[in-house]
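# Structural description and commentary
Here is how the chains run, residue by residue.
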Amino acid sequence: MRDKELKKLLQDNVTPPDYLKKDSFIRGHRAKETPHVSTTRLILQQTGFIRKRVWVVSLLVMIFMVLFIVQEMRYPLNSGYTDDDRVLTVLKTASFFMPFISALGMIEAFKAQLHGVYELEQVTVISGKRALFARLAVVGIINFLPMMFISVLMRLTVGVEIVRGALVVLVPYLLTMVLCMEIERFEWARRSAFSFLIPVLLVTVLTHSEVGGMYFAELGVRALLIIFVALVAVQAFELKRFSNMEDFAWN
Amino acid sequence: MDIEKYYDKIYRYCYYKVNSKPLAEDITQETFLRYIDSLQEAREPERYLYTIARNLCIDEYRKKKETELLDEGMIDGSDFENKALEKIRLEEAMKKLSDDESEIVQLRLLNEESYSEICKIMGISRFAAHRKLESAKKKLKRYLEKGEIV
């Protein structure tokens, strides 16, 4: 008898373990082994991965809006250029930048998908969806601060209601975000970050076109609020769907 | 620690010691549970796992004197008799080996552990491990071929 035969005889003699029992044990303990990363720590960790350009663009938009409003305030009001016209110009300008900021943030949040490493991110100690949500949170904070600053600035200078000012900047931002999340699902969109320009252009055209004899910036607080709530609901649904997708992938 | 990597090895190791599939499964899982509970992360998990498994098997021996039952995995199949005989012969042959020899056969032939790993697990030199393995193989082969033991 050769060594190989002896080895085979010994190995064949073992009845293999029950697959289901083994699998459930391994799955159960794989979860226990995974080190827990707290949400705060995860957000701080992801902050480090947000590229400088996101911060810089937020800062630039803020500076631009300050300069623009200062310039507007210097512009004399007359019968051809009333206070309402000034408010509208400021609101239009403020909302104009939002799709760009939003898309830039989304590129940052979805960079794992764009670089084709999302599957890798899914199997790290923190799940892919947690990493994505943390990045979205960081990007949201980075963008939210200048947006709020602009709203307050508009209130102090041209006298736009804070809620209205905030909604005028938030709605295009959220709409771009939702559309970016939608197109991110397509294979062709994931090939290049430039595909995120499509939602930007769509939202820009939509918010700066006259629809029914009215511009987006002219909408009242109630209408803006309804749109905003609807967008938040869609966004929540999108995030939930995204979260479920990872679970389906695992199963 | 990657449980998946070691699960089958520990199971096979336990299987030869307790000669029962459900018991081997239970001991294997208990081994991992004890390892996870007692140690954060050992540099050489294999060594700890084998030690825990061995101790658990010894405990099991103490609990009940092993009655030689045929495993349920053998009950099915057309060549039942041949398999049963082969199994009995192999188990008999394994019983003829000393504890160290049986241990080394399980580690080297069954689980294909490297000599350096076996030396760490058993706390013996490479030369001693090789010698014991050769001796065990010789005994096993002789018993299985001729039904006699040296």
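Now for a description of the structure that goes with this document. (Residues numbered from 1 in each chain as written. Chains lettered and ligands numbered in written order. Predicted model: local features only at pLDDT ≥ 70, side-chain atom pairs only at ≥ 80, totals over all residues. Heavy atoms only, no water.)

## Focus: the overall build of chain A
Quick note on the threshold: Secondary structure follows DSSP: runs of H or I at least 4 residues long count as helices, runs of E at least 2 residues long count as strands, and numbering of each begins at the N terminus. Exposure is judged per residue with a 1.4 Å probe applied to protein chains only, and the accessible area is read against the type maximum: over 50% gives exposed, under 20% gives buried, and values in between give partly exposed. We call two residues contacting when some pair of their heavy atoms lies within 4.5 Å. Methods summary: accessible areas were calculated by the Shrake-Rupley approach with a probe of 1.4 Å, and residue burial reflects only the protein chains presented.
Tallying secondary structure elements over chain A gives 12 helices and 0 strands in all. Listed N to C, the secondary structure of chain A is α-α-α-α-α-α-α-α-α-α-α-α in terms of helices and strands. Across the 251 residues in chain A, those meeting the buried criterion constitute 43%. In chain A, 78% of the contacts between residues at least 6 apart in sequence involve partners at least 24 apart. Total accessible area on chain A stands at roughly 13700 Å², and carbon and sulfur atoms take up 67% of it.

## Let's talk about the environment of A:Val117
Residues and elements named next belong to chain A. With respect to the element layout, Val117 can be found in the loop between α6 (111-114) and α7 (118-122). Take Val117: its relative accessible area is 35%, and that puts it in the partly exposed class. Considering only alpha carbons, one finds Val117 and Gly128, 11 residues apart in sequence, at a separation of 10.0 Å.

## Points about the pattern of salt bridges
Here the idea is simple: oppositely charged side chains can pair when their charged atoms come close. Stated precisely, the cut-off is as follows: Salt-bridge detection follows one rule: a side-chain nitrogen of Lys or Arg within 4 Å of a carboxyl oxygen of Asp or Glu.
Per the stated rule, a full pass over the model turns up 21 salt bridges over all chains. The closest approach of N and O atoms between B:Lys17 and B:Glu103, which form a salt bridge, is 2.9 Å. With B:Lys17 in helix α1 (residues 3-18) and B:Glu103 in helix α5 (residues 99-110), this pair connects stretches of sequence that are 86 residues apart. In this structure B:Glu103 comes out as buried when scored by relative accessible area, which is 5%. A salt bridge links B:Glu101 to B:Lys139, with the nearest nitrogen and oxygen atoms 2.9 Å apart. Of this pair, B:Glu101 sits in helix α5 while B:Lys139 sits in helix α7 (residues 126-146), placing them 38 residues apart in sequence. It is possible to trace a salt-bridge network through shared partners that takes in A:Asp3, B:Glu134, B:Lys137 and B:Lys141.

## With respect to helix α4 (residues 52-74) of chain A
All names here are of chain A. Applied cut-off: Each residue after the first adds 1.5 Å to the expected span of a helix.
Taking 1.5 Å of rise per residue, 23 residues should cover 33 Å, and α4 covers 33 Å from first to last C-alpha, within 8% of that figure. Within α4 the residues assigned to the buried category are Val54, Ser58, Val61, Met65, Phe68, Ile69 and Glu72. Turning to α4, the residues buried within the fold contact α5 (83-109) and α8 (128-157).

## Quick word on the packing of α8(A) against helix α9 (residues 162-183) of chain A
Residues and elements named next belong to chain A. The criterion, for reference: The axes are straight lines fitted to the C-alpha atoms, using for helices just the contacting stretch, and the angles between their N-to-C directions are given from 0 to 180°. Should an angle lie under 35 degrees it is considered roughly parallel, over 145 roughly antiparallel, and from 65 to 115 roughly perpendicular; all remaining angles are considered oblique. Two helices that cross are described as forming a left-handed crossing if the nearer one is turned anticlockwise from the farther one by less than a right angle, and a right-handed crossing if clockwise.
Direction vectors running N to C along α8 and α9 enclose 150°, while the axes themselves pass 8 Å from each other. For the element pair α8 / α9, the angle class is roughly antiparallel. With respect to the hand of their crossing, α8 and α9 are arranged in right-handed fashion. Along the contact surface, α8 presents Leu136, Val139, Gly140, Asn143, Met147, Met148, Ser151, Val152, Met154 and Arg155, while α9 presents Ile162, Gly165, Ala166, Val169, Leu170, Tyr173 and Met177.

## What to know about the environment of A:Glu238
Tracing the chain through its elements places A:Glu238 in helix α12 (residues 221-250). Setting aside its immediate chain neighbours within four residues, A:Glu238 contacts A:Met181, A:Glu182 and A:Arg185.

## What about the packing of aromatic side chains?
We apply this condition: Each Phe, Tyr or Trp ring (for Trp, its six-membered ring) is paired with any other whose centre lies within 6.5 Å, and the angle between the two planes then decides the class: stacked below 30 degrees, edge-to-face above 60, tilted in between.
On inspection of all chains with the given rule, the structure shows 11 aromatic pairs over all chains. Note on A:Phe96 and A:Phe97: the rings are 5.5 Å apart at their centroids and 80° apart in plane angle, and the pair reads as edge-to-face. By relative accessible area, which is 18% here, A:Phe97 ends up buried. Geometrically, the ring pair formed by B:Tyr15 and B:Tyr16 is edge-to-face, given 6.3 Å between the ring centres and 80° between the ring planes.

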